[in-house]
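Analysis of the macromolecular model
Read off the chains here:
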Amino acid sequence: GVHTIAADAAAAALASAKTAAHTALTNALETYAQGNYTVENWTALTGFKTTGDTNIEAAVTTDAVTTAQTTATGGMTGVETVAQTLAAYKTTKLGNLASAFDGYHSGDYTPENWTTLTGFDSAGITAINDAANLAAVDTALSTATTAMAGVHTIAADAAAAALASA
């Protein structure tokens, strides 16, 4: 068929836009380090690049090329690193610990036992904040909540004393 100068220019512009977009995605992917991601998140991150490349190739306008590139790089940016995942998990588990602690009331305990209970809460907060991975966060929360639950109330001590003297 006969090609117009305008059609040839448009085709050249589209091809140039596709090449630039593929290069941009390749360069974007190279800014991420696989070791900073879980296997699942790295697969998701590289999946955004693969999908972006596919959508760039399928694009029939330069606007569609730009959209495919922007969608892919935005998706890549949104994938959480291990550090981000751990930080969010710690925040959630610190909230769980705070909720557990809120269930205790100082008036139910001798001053010594209240000090012990608050010490377990403080130790739990420190251990969660210092945890290097999700499992360590879970262990810290479990240790703290179990320890707090084991502190005797005044009523429990009175009941135990009454049983002992019976």
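The shown structure was predicted, so the numbers you read here are calculated from the model rather than taken from an experiment.

Once that is clear, we can look at the packing of aromatic side chains. Under the defined criterion, the tally for this structure stands at five aromatic pairs. Ring geometry for Y32 versus Y37: centroids 6.3 Å apart, planes at 65 degrees, classification edge-to-face. The class of Y32 is partly exposed, set by a relative accessible area of 21%. Here the aromatic rings of Y37 and W42 are separated by 5.8 Å at their centres, their planes lie at 45 degrees, and the arrangement is tilted. Exposure remark for Y37: the relative accessible area of 11% places this residue in the buried category. One aromatic cluster is present, formed by F101, Y104, Y109 and W114 through successive ring pairs.

With that settled, consider the environment of G95. Position of G95 relative to the elements: it lies in helix α4 (residues 82–102). Considered as a pair, G95 and I125 are 30 residues apart in the sequence and their alpha carbons are 9.9 Å apart.

Attention now moves to the nonpolar core. Core analysis: the largest hydrophobic core is formed by 13 residues, its most contacted members being L97, L117, I128, V137 and M148. Secondary-structure elements contributing two or more residues to this core are α4, α5 (111–130) and α6 (134–149). With eight residues, the next largest nonpolar core counts A21, A59, V65 and A68 among its residues.

Along the chain, K90 falls in helix α4. D130 provides the closest opposite charge to the buried, unpaired K90, separated from it by 6.6 Å. Residue contacts for K90: discarding those within four places in its chain leaves I128, N129, D130, A131 and V137.

Evaluated as defined, the whole model comprises one salt bridge. Here K49 and D53 are joined by a salt bridge, their closest N and O atoms 2.4 Å apart. Here K49 and its partner D53 are both found in helix α2 (residues 39–58), four residues apart, which amounts to about one turn of the helix. By the burial criterion, K49 is buried, and D53 matches it.

Turning next to helix α1 (residues 5–29). Taking 1.5 Å of rise per residue, the 25 residues of α1 would be expected to cover 36 Å, and the 36 Å separating its terminal C-alpha atoms lies within 8% of that figure. Buried-residue contacts for α1 involve α2 and α3 (62–77).

Structurally, D121 can be placed in helix α5. Buried and unpaired, D121 has K93 as its nearest opposite-charge partner, separated by 14 Å. In this structure D121 touches L97, F101 and M148, once residues within four positions along its chain are discounted.

Attention now goes to the packing of α5 against α6. Axis separation between α5 and α6 bottoms out at 9 Å; the angle between their running directions is 180 degrees. In terms of orientation, α5 and α6 fall into the roughly antiparallel class. Contact with α5, carried on its side by L117, F120, D121, G124, A127 and I128, involves V137, A140, L141, A144, A147 and M148 of α6 and no other residues of that element.

It is at 9 Å that the axes of α1 and α3 come closest, and there the two elements cross at 5 degrees. Judged by the inter-axis angle, α1 sits roughly parallel to α3. Every residue of α3 that contacts α1 at A13, L14, A17, K18, A21, A24, L25, A28 and L29 is listed here: T62, V65, Q69, A72, T73 and M76. Looking at the contact of α1 with α3 residue by residue, the classes come out as eleven nonpolar, three polar and one charged.

What counts and what doesn't
Residues numbered from 1 in each chain as written. Predicted model: local features only at pLDDT ≥ 70, side-chain atom pairs only at ≥ 80, totals over all residues. Heavy atoms only, no water. Phe/Tyr/Trp six-rings, centres within 6.5 Å; stacked < 30°, edge-to-face > 60°. Buried < 20%, exposed > 50% of the residue type's maximum accessible area, 1.4 Å probe, protein only. Helix = DSSP H or I, 4+ residues; strand = E, 2+ residues; numbered from the N terminus. Core = buried A, V, L, I, M, F, W, Y, C linked by side-chain atoms within 4.5 Å. Lys, Arg positive; Asp, Glu negative; His and termini not counted. Salt bridge = Lys/Arg side-chain N within 4 Å of Asp/Glu carboxyl O. Contact = heavy atoms within 4.5 Å. Expected span 1.5 Å × (residues − 1). Axes fitted to C-alpha atoms, helices over the stretch in contact; angles between N-to-C directions. Parallel < 35°, antiparallel > 145°, perpendicular 65-115°, else oblique. Nonpolar A, V, L, I, M, F, W, Y, C, P; charged D, E, K, R; others polar.

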